Every structure is written in structure tokens, then in C-alpha cells.
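Residue strings, one per chain:
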Amino acid sequence: MNASDAGPSAGPGGELTAVAPQLRELRRRAGLTLEAAARAAGLSPPHLSRLETGQRQPSLPMLLALARIYGTTVSELLGETVVDRNAIMRAGDMEPTRAGGWTYFQAGAPGRGMQALRVRVPYGTQGDIVRVHPGEEWLYVLRGRLRLRLGDTAHLLAPGDSAHFDSLTPHRLAAEDHDGVELLFVHTLLQSPTATLCLGPPTGELP
């Protein structure tokens, strides 16, 4: 038996009740059979069928997996209507947001399945914050050096280096040099359509 079939699924909220009518249509639009979609999502076909008929509610990680497979966003799976977004982000339109000493510039449109940011990290800020949250992260060092801790392993990244990791791996970021570090940063979002910066609160410290 697939582990996801065991026991009732605890629905995260009433907003998921509208998911079932979307799932079958999006799967068919993607040209996938029930069996193929279930296999790609790590589900059994009967379990996916129950999701499509509203007999079970998917968890948020399951929604993210299905959105990736169907080439869409969690917003669309939830039946949310998102206004048209400009595909182009001009440098002059990137308003800075400051939090915890870091400076963020939105480098992508809001309400998508990923959030793209340009981030400036000064030396000595937030280096002790450990982040753990669902999704994936990709970052690319533009300027300076980044100290990246993934689980129990520390990495020093120089300009041109990048990292791609599961966000459930405890991680923390810090500028190695006094001049700070500048990054391109992309991560997937579980919340939608108006997610804020999803960098996570402190959850403890790594040794």
C-alpha cells in the first residue's frame, strides 16, 4: 500500500474543497492518464481518483507535486483567479524590501509557483537563523562570498557558484566577507496567490 493511502487525509482548510473539480481537467489538459499522473506524484491510481472526485483532500505538499506535474501553479489547482501579470520585470520597477538587515528586490511576478528575488546580504545579519520550510531553493552568487550551511555541512560559495536544495533541509545563509554578498534567489511557494517573502522564521541553531 502506498503510504499516502493510509488513514484519512487531514485537509488543511476549507479552501481545498474546490480542488477536486480542477484536478481531472488539469490532468487531461497535461495529456496524462490517471495511472501516469499517479505514478509521477508517488500516489496510487485509486488515491488520485479519490482526490479527483472529492472523496479525499490533498495535503499541501501533494498539491505542489501535482502542480509541477501538470505544469501549473497551486493557485490554479485551488481555482483561484489571478490577474494577468507582466512577464518582464524592469530594473527600475524593482522596489527594495528590507527585513532583518537584508534587502530584497522582486525579480519575478507575484502569484506564481516560484518566487524570484535579488538579495543583498550584509555581513553579520541573520547568520544564526536556521530555516526549514517546504519547497526547493536555488541561489546563485553574483558578488561576494556566501557561507551556506546545509544540515551539518558548511559550504563557501564564490561568485558564479550556485546551490539547489530541498528547503526541508535545515539551512542558513551568511555573508563571508565584510562587504556582504549579493544573490539571485529562486524558491517554490506552497502558499498562493499573494505569498510574502518565504525565508522562514528562526527554528534553532545548528552546531
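Above this text sits the structure in question.
Model, not experiment: these values are computed from the prediction.

Draft legend 1. Broad picture of the nonpolar core. Leu23, Leu43, Leu48, Leu51, Leu66, Tyr70 and Leu77 are the most contacted members of the largest nonpolar core, which totals 19 residues. Elements with a contribution of two residues or more to this core: α1 (20–29), α2 (34–41), α3 (45–52), α4 (60–70) and α5 (74–77). The leading source of residues in this core is α4, at six residues. The residues contacting leucine 23, other than those within four sequence positions of it, are Leu51, Glu52, Leu66, Tyr70 and Leu77.

Draft legend 2. Layout of the packing of aromatic side chains. Considering all chains together, one arrives at two aromatic pairs under this definition. Pairing tryptophan 102 with tyrosine 104 gives two aromatic rings, centres 6.1 Å apart and planes at 45°, and the pair type is tilted. Judged by centre distance (6.2 Å) and plane angle (20°), the rings of tryptophan 138 and tyrosine 140 are stacked. Of the residues examined, tryptophan 138 reaches a relative accessible area of 31% and is grouped as partly exposed. Its relative accessible area of 29% is what places tyrosine 140 among the partly exposed residues. Directly above the aromatic system of phenylalanine 105 lies the positively charged group of arginine 118, at a separation of 4.4 Å from the ring centroid.

Draft legend 3. Representation of the packing of α1 against α3. Their axes nearest at 7 Å, the elements α1 and α3 cross at an angle of 125°. Taken together, α1 and α3 sit at an angle that is classed as oblique. Residue-level inspection shows Ala20, Leu23, Arg24 and Arg27 of α1 in contact with α3, the latter providing Leu48, Leu51 and Glu52.

Draft legend 4. Main features of the sheet that holds strand β9 (residues 181–188). Taken together, the six strands give an open sheet; going across it, the order is β1-β2-β3-β9-β4-β7, and neighbouring strands pair in antiparallel fashion. The sheet terminates laterally at β1 (96–99) and β7 (162–166), the two strands that pair on one side only. Averaged over all neighbouring strand pairs, the angle between strand axes comes to 25°, with direction disregarded. Relative to β9, strand β3 (residues 114–121) is paired through eight bridges, and the arrangement is antiparallel. Residue pairing for β9: arginine 118 is matched across the bridge by leucine 184.

Draft legend 5. Summary view of the sheet that holds strand β8 (residues 171–175). Within the open sheet, the three strands sit side by side as β6-β5-β8. Their pairing is antiparallel. Here the strands that pair on one side only, and so sit at the sheet edges, are β6 (153–157) and β8. Strand-to-strand twist of the sheet, defined as the mean angle between neighbouring strand axes without regard to direction, takes the value 20°. Here five bridges tie strand β5 (residues 146–150) to β8, and the two strands are oriented antiparallel to one another.

About the thresholds
Residues numbered from 1 in each chain as written. Predicted model: local features only at pLDDT ≥ 70, side-chain atom pairs only at ≥ 80, totals over all residues. Heavy atoms only, no water. Core = buried A, V, L, I, M, F, W, Y, C linked by side-chain atoms within 4.5 Å. Buried < 20%, exposed > 50% of the residue type's maximum accessible area, 1.4 Å probe, protein only. Helix = DSSP H or I, 4+ residues; strand = E, 2+ residues; numbered from the N terminus. Contact = heavy atoms within 4.5 Å. Phe/Tyr/Trp six-rings, centres within 6.5 Å; stacked < 30°, edge-to-face > 60°. Lys NZ or Arg CZ within 6 Å of the ring centre and 35° of its normal. Axes fitted to C-alpha atoms, helices over the stretch in contact; angles between N-to-C directions. Parallel < 35°, antiparallel > 145°, perpendicular 65-115°, else oblique. Pairing = 2+ DSSP bridges.

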